[in-house]
Amino acid sequence: MNKSISTRVLIFLPTYNERNNIGKIIDVINDLNFKKEILIVDDNSTDGTLDIINEKCRAFKNITLILRKDRKGRGLAGIVALKYFIKSSFDILVELDADFSHHPKYIPRFLKYFPKYDVIIGSRLIKNGGEERRSMIRYIITLIANLIIRRLFRTKLKDCTSGYRVFKKEILNQFNLDNFFSVHYSITEEILYGCILTKAKIKEVPIIFYERAGGESKLDLKKTLFTFVGILKIFFRGKKILK
Ligand SMILES: Nc1nc2c(ncn2[C@@H]2O[C@H](COP(=O)(O)OP(=O)(O)OP(=O)(O)O)[C@@H](O)[C@H]2O)c(=O)[nH]1
Ligand SMILES: [Mg+2]
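Within each chain, residues carry numbers counting from 1 in the order of the written sequence. Chain letters start at A and ligand numbers start at 1, both assigned in the order the entries are written. Predicted model: local features are reported for residues with pLDDT of at least 70 only, side-chain atom pairs are reported and counted for 80 or more only, and whole-chain, interface and lining totals are derived from all residues. Remark: hydrogens and water are excluded; side-chain values derive from all non-hydrogen atoms of the structure.

A.B. asks: What am I meant to see in the overall build of the protein here?
C.D. replies: Working definition: helices are DSSP H or I runs of at least four residues, strands are E runs of at least two. Numbering for both runs from the N terminus. From N to C terminus, the protein includes 9 helices and 9 strands. The globule rule puts the C-alpha radius of gyration for 243 residues at 18 Å, and the 17 Å found for the protein is close to it. Considered along the principal axes of its C-alpha atoms, the protein spans approximately 45 × 40 × 35 Å. Only protein chains enter the calculation, and the probe is 1.4 Å; a residue is then buried if its accessible area is under 20% of its type maximum, exposed if over 50%, and partly exposed in between. For the protein, buried positions account for 54% of its 243 residues. Look at the contacts in the protein between residues 6 or more apart in sequence, and 82% of them connect residues 24 or more apart. Areas reported here follow the Shrake-Rupley algorithm with a probe of radius 1.4 Å; residue values treat only the protein chains shown as occluding. In the structure as shown, the protein presents an accessible area of about 11,700 Å², 54% of it carried by carbon and sulfur atoms. Charge assignment: positive for Lys and Arg, negative for Asp and Glu; neither His nor the chain ends contribute. The location of each charge is read from NZ of Lys, CZ of Arg, CG of Asp or CD of Glu. With 45 positive and 26 negative side-chain charges, the protein shows a separation of 6 Å between the mean positions of the two kinds. When we talk radius of gyration, it's over C-alpha atoms, and the globule rule is simply 2.2 Å times the number of residues to the 0.38. Any two residues having at least one pair of non-hydrogen atoms within 4.5 Å are treated as being in contact.

A.B. asks: Please clarify how the packing of aromatic side chains should be interpreted in this entry.
C.D. replies: A ring pair, where both rings are aromatic, is described by two values, the distance of the centres and the angle of the planes. Two aromatic rings from Phe, Tyr or Trp, using only the six-membered ring of Trp, form a pair when their centres are within 6.5 Å; if the ring planes differ by under 30 degrees the pair is stacked, by over 60 it is edge-to-face, and anything between is tilted. In the structure shown here, the tally under the stated rule is 7 aromatic pairs. When the centroid spacing of 4.9 Å and the interplanar angle of 70 degrees are considered together, the rings of F110 and Y164 count as edge-to-face. One end of the pair, F110, is in helix α5 (residues 107-111); the other, Y164, is in the loop between α6 (136-153) and β7 (165-168), and 54 residues separate them in sequence. On the basis of relative accessible area, Y164 is assigned to the buried category, the value being 0%. Grouped by ring-pair contacts, the aromatic residues Y106, F110 and Y164 constitute a single cluster. The rule is short: NZ of Lys or CZ of Arg within 6 Å of the ring centre and within 35 degrees of the ring normal puts a charge over the ring. Against the face of F34 rests K36, its NZ or CZ located 5.1 Å from the ring centre. Just above the ring of F85 sits the side chain of K169; from NZ or CZ to the centre is 4.9 Å.

A.B. asks: Just to check I follow, could you spell out the environment of H184 for this structure?
C.D. replies: Mapping H184 onto the fold places it in the loop between α7 (169-172) and α8 (187-197). For H184 and G75, which are 109 residues apart along the polypeptide, the C-alpha to C-alpha distance reads 4.3 Å. Each residue touching H184, except ones within four places of it in the same chain, is listed here: K72, G73, R74, G75, K223 and F226.

Structural measurements only, silent on function.
Below, the structure is given as structure tokens:
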């Protein structure tokens with residue numbers, strides 16, 4: 001790993017009602033053996049998540065919390081995080097879910113691919129990747145979404161819907177974030193399409209995706225349908241994603 005890059009890593013966790021996971025995942029991340037800061041964007045969780053985050057902020061000095069009180073949404077939280085990162089002095093942004101579906105143990109492995117690559121995707125759909133304790137229906141939805149995305153975005157990437165990723169700042173700097181539209185989960189595809197349009201060097205690295213460790217899913221049928229519509233919208237809007 002390039003040393004100058006390894007010192008400027010920002011790890012982003014979106015949270016909404018993750019009381020069972022957030023404290024543990026912060027501890028696991030902070031136990032990883034490299035210098036990093038953690039950015040949490042929370043949409044005003046109601047289950048005590050915020051108390052745990054505040055406690056961790058007092059215990060560790062490397063955590064920043066952005067608390068959003070107006071509109072909720074994984075996508076909107078993601079855009080706030082990208083804007084924060086772009087304005088910051090960090091070089092690399094890691095994003096992962098806070099529910100242990102994306103285990104932080106993979107982060108050091110991902111970082112080894114910098115600076116050679118621009119973007120790393122934690123991939124379930126390549127050799128040595130996979131899913132554990134996942135329902136068949138979720139697996140089928142993932143496969144269908146990926147078939148559509150590969151066609152529309154003209155990419156050979158396998159896991160286009162993985163939300164476990166690492167980005168070099170130079171790539172995200174080319175995005176026009178004020179033009180992003182995703183309120184919910186299509187943010188993952190919107191960012192991916194932006195990366196493809198910038199011709200970023202993207203590497204898929206295998207991960208095992210675990211069903212969430214505790215707490216409730218925020219993904220429902222409506223948000224799943226929105227994601228499929230979002231994928232089409234991303235394609236038709238094309239280069240509006242970039243500056
Ligand atoms: N800030 C913010 N984070 C959210 C919101 N919805 C979900 N998240 C977080 O985004 C990550 C992914 O959401 P999940 O509910 O786990 O969605 P999923 O992984 O597709 O589905 P499950 O794991 O089955 O629940 C988790 O860390 C959530 O806490 C939201 O509206 N705002
Ligand atoms: Mg999850």
